[in-house]
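Observations on the three-dimensional arrangement
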Amino acid sequence: MTTATVELLTVPEVMARLKYSRSKVYDLIREKRLVSITEGRCRRIPESAVQDYIRARLEETA
């Protein structure tokens, strides 16, 4: 069995990558446009979810 490494990003890291505000990132999470997981009070977003979001936005504008 192989184990894939999934990089989990914090909200501030996603904010920096997308150049979005904190409230915009939480809006995307609330709208289920950006997948996230919560452990206790920690919110983490898989890097692949950020890539999927960007891909979807590019397809919307094409």
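As a reminder, the structure under discussion sits directly above these lines.
What you see is a predicted model; the values in this text were computed from it and never measured.

Here's the deal with the overall build of the protein chain
Along the backbone of the protein chain there are three helices and three strands. Walking the protein chain from its N terminus toward its C terminus, one meets helices and strands in the order β-α-α-β-β-α. Principal-axis analysis of the C-alpha atoms places the extent of the protein chain at approximately 40 × 30 × 20 Å. Sorting the 62 residues of the protein chain into buried and exposed places 21% on the buried side. For the protein chain, the share of sequence-separated contacts (at least 6 apart) that also reach a separation of at least 24 residues comes to 47%.

Concerning helix H2 (residues 22-30)
Looking at H2, one finds that the buried residues are Val25, Leu28 and Ile29. Each buried residue of H2 lies within a common arc of 100° when the element is viewed along its axis, so the set occupies one face. Just downstream of H2 lies lysine 32, where phi reads positive at about 65°.

Considering the packing of aromatic side chains
Evaluation of the coordinates by the stated rule reveals one aromatic pair. A centroid spacing of 6.3 Å and a plane angle of 80° characterise the contact between tyrosine 20 and tyrosine 53, whose relative ring orientation is edge-to-face. One end of the pair, tyrosine 20, is in the loop between helix H1 (11-18) and H2; the other, tyrosine 53, is in helix H3 (residues 47-61), and 33 residues separate them in sequence.

What to know about the nonpolar core
Judged by nonpolar contacts, Leu9, Val11, Val14, Leu18, Val25, Leu28, Ile29, Leu34, Ile45, Ala49, Val50 and Tyr53 together constitute the single largest core of 12 residues. Among the elements of the structure, H1, H2 and H3 are those that each provide at least two residues to this core. Once residues lying within four places of it in the same chain are set aside, the contact partners of leucine 9 are Val14, Arg17, Arg43, Arg44, Ile45, Glu47 and Val50.

Notes on the sheet that holds strand S2 (residues 37-39)
Pairing in this open sheet of three strands is antiparallel, and the strands run S1-S3-S2 from one edge to the other. Edge strands, defined here as strands with exactly one partner in the open sheet, are strand S1 (8-9) and S2. With three bridges joining them, S2 and strand S3 (residues 42-46) adopt antiparallel strand pairing. If you follow threonine 38 over to S3, its bridge partner there is arginine 43. Relative to S3, H3 is tilted by about 60°, and along the sheet it contacts S1 and S3.

What counts, and at which threshold
- Residues numbered from 1 in each chain as written.
- Predicted model: local features only at pLDDT ≥ 70, side-chain atom pairs only at ≥ 80, totals over all residues.
- Heavy atoms only, no water.
- Helix = DSSP H or I, 4+ residues; strand = E, 2+ residues; numbered from the N terminus.
- Buried < 20%, exposed > 50% of the residue type's maximum accessible area, 1.4 Å probe, protein only.
- Contact = heavy atoms within 4.5 Å.
- Arc of directions from axis to C-beta.
- Phe/Tyr/Trp six-rings, centres within 6.5 Å; stacked < 30°, edge-to-face > 60°.
- Core = buried A, V, L, I, M, F, W, Y, C linked by side-chain atoms within 4.5 Å.
- Pairing = 2+ DSSP bridges.
- Axes fitted to C-alpha atoms, helices over the stretch in contact; angles between N-to-C directions.

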